[in-house]
Amino acid sequence: MPYLYAISIFLSAFLLFQIQPLIGKILLPWFGGTPTVWSTILLFSQVVLTGGYAYAYWLLGKLKNRQQGILHLSLLVISLIILLATTVSWSAPLIPDTSWRPANNEFPLWDILRILVAAIGVPFLLLAANSTLTQAWFHRDNPKPTPYRLYALSNTGSLLALITYPILVEPYLTLRTQTYAWSVGYFIFALLAAFLAIKTVRLAASTETITKVNVLEKRLEKRSYIFWITLAAIATILLIAVTNQITQEVAVIPFLWVLPLIIYLLTFILAFAGEKFYWRNGYIVSFFVLTIFSRMLLSIPTRNITAQLTIYMLLLFVCCMICHNELYKLRPDARFLPSFYLMVAVGGALGGIFVTLLAPMLFSSGFWELQLGLIATIVMLAVIIQLEPKKRFRKKSGKAKVQKEKPWQILKPVVMVIVVLDLLQTVYAID
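Rules used in this analysis
- Residues numbered from 1 in each chain as written.
- Predicted model: local features only at pLDDT ≥ 70, side-chain atom pairs only at ≥ 80, totals over all residues.
- Heavy atoms only, no water.
- Helix = DSSP H or I, 4+ residues; strand = E, 2+ residues; numbered from the N terminus.
- Buried < 20%, exposed > 50% of the residue type's maximum accessible area, 1.4 Å probe, protein only.
- Contact = heavy atoms within 4.5 Å.
- Areas by Shrake-Rupley, 256 points an atom, 1.4 Å probe, with all protein chains shown as cover.
- Axes fitted to C-alpha atoms, helices over the stretch in contact; angles between N-to-C directions.
- Parallel < 35°, antiparallel > 145°, perpendicular 65-115°, else oblique.
- Left-handed = near helix turned anticlockwise from the far one by under 90°.
- Phe/Tyr/Trp six-rings, centres within 6.5 Å; stacked < 30°, edge-to-face > 60°.

Draft legend 1. Structural detail: the overall build of the protein. Across its full length, the protein carries 14 helices and two strands. When each of the 431 residues of the protein is scored for burial, the buried share is 53%. Restricting to contacts in the protein with at least 6 residues of sequence separation, those with at least 24 account for 84%. Put simply, the protein shows about 20300 Å² of open surface, and 66% of that area lies on carbon and sulfur atoms.

Draft legend 2. Quick peek at the side chain of glutamate 369. By secondary structure assignment, the location of glutamate 369 is in helix H13 (residues 368–387). Dropping the residues within four chain positions of it, glutamate 369 is found in contact with Ile237, Ala241, Asn244, Phe354, Val355, Ala359 and Phe363.

Draft legend 3. Up close: the packing of helix H3 (residues 65–89) against helix H6 (residues 175–202). Where H3 contacts H6, the two axes come as close as 8 Å, and the packing angle between them is 160°. Considered as vectors, H3 and H6 are oriented roughly antiparallel to each other. At the point where H3 passes H6, the crossing takes the left-handed sense. Every residue of H6 that contacts H3 at Asn65, Arg66, Gln68, Gly69, Ile70, His72, Leu73, Leu76, Ser79, Leu80, Leu83 and Thr87 is listed here: Tyr180, Ser183, Tyr186, Phe187, Phe189, Ala190, Ala193, Ala194, Ala197, Ile198, Thr200 and Val201.

Draft legend 4. How the structure looks around the packing of aromatic side chains. In total, this model carries 19 aromatic pairs according to the counting rule given. A ring pair is formed by tryptophan 228 and phenylalanine 340, whose centres lie 5.2 Å apart and whose planes are at 90°; its orientation type is edge-to-face. Taken together, the positions of tryptophan 228 in helix H8 (residues 222–250) and phenylalanine 340 in helix H12 (residues 337–362) put the pair 112 residues apart, joining distant regions of the chain. Judged by its relative accessible area of 1%, tryptophan 228 falls in the buried class.

By themselves, these are just geometric observations and shouldn't be taken as functional.
Pasting the structure below:
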């Protein structure tokens, strides 16, 4: 029943990203509508997502099939008990009572994190782990099809959740109804995940697969881990930096912060659906053009909100397409799927920590994390191009030879870095 794996992944991703604007709507009145609420929710999401991937990595790499199923089934039951307990003790699921409301909102980050952990911590962790776990179990039961297609399906579910919330859910359902509807959806997910966990319990225990994976994993180059983490971190830095830019410098519009996240997820879907939508040279040119346009917005202020949003969204789209497609190009064999997703999540968490926690302390004025993200994007791309294996061609004699690079091809990454650094230094000169 392969369709059960697909339904489980889609539903978990949908619930995972439907809860983010929902919990944001709950917390915004408590903290005066500050953009810190959304940036903190993004940070929480990235960190717990990393925790979910780490849990899946540990579960798949350290435990036998039977142990995997029993432990995961136990955590699903615990999450339902917690959800039921908060529903009974609070006025509704996910909505803390007034005793949780902070008295001081000057630095609300820790208060927001405390509420998020209590309200959705365990369910969010299991939803985050579900994609990796289910893909691994699917690959175990169906070794021929690539499981990476399911990752595109997961991001499609996330994208639909973000799009449907402001259009279909928020305008027509009260906040209490939304929380109950989400809780019912989570209960359905838990039943489906429990069925797959029970199926895993019934499989014959085998340590052979675990041993093979652990041995093979040692053969992965350290460079691969660095690239996976860095590309994911850059994309997240740009996501949160652009969100901060448009919500604080462009316009204060309810749920405007959802738009960058939609763009971010869309690039994931396009990248992991294959390389049909990626032309590297074209995106490099687009990057330079949009960087110049963004400079024009700063030097020649305009009140045209549509123009500003268009440029920032296109810039985010181009940068995330570069990061996520290069990430897809560097994906490993399906046997290393848990490691790959864990490193992607670690990169996302590091990017979120940098923008949300470190950047305010490092930069006293201005949103310089956006500029750093742009520089990092093109520098990372230049490094990847330089380290790519040389193409081979076959002569009529049948012997394969390495194709010699022309001088301009060899200098291309170097020139790319020099030009973009000079451009960004001029464009975003720090006073």
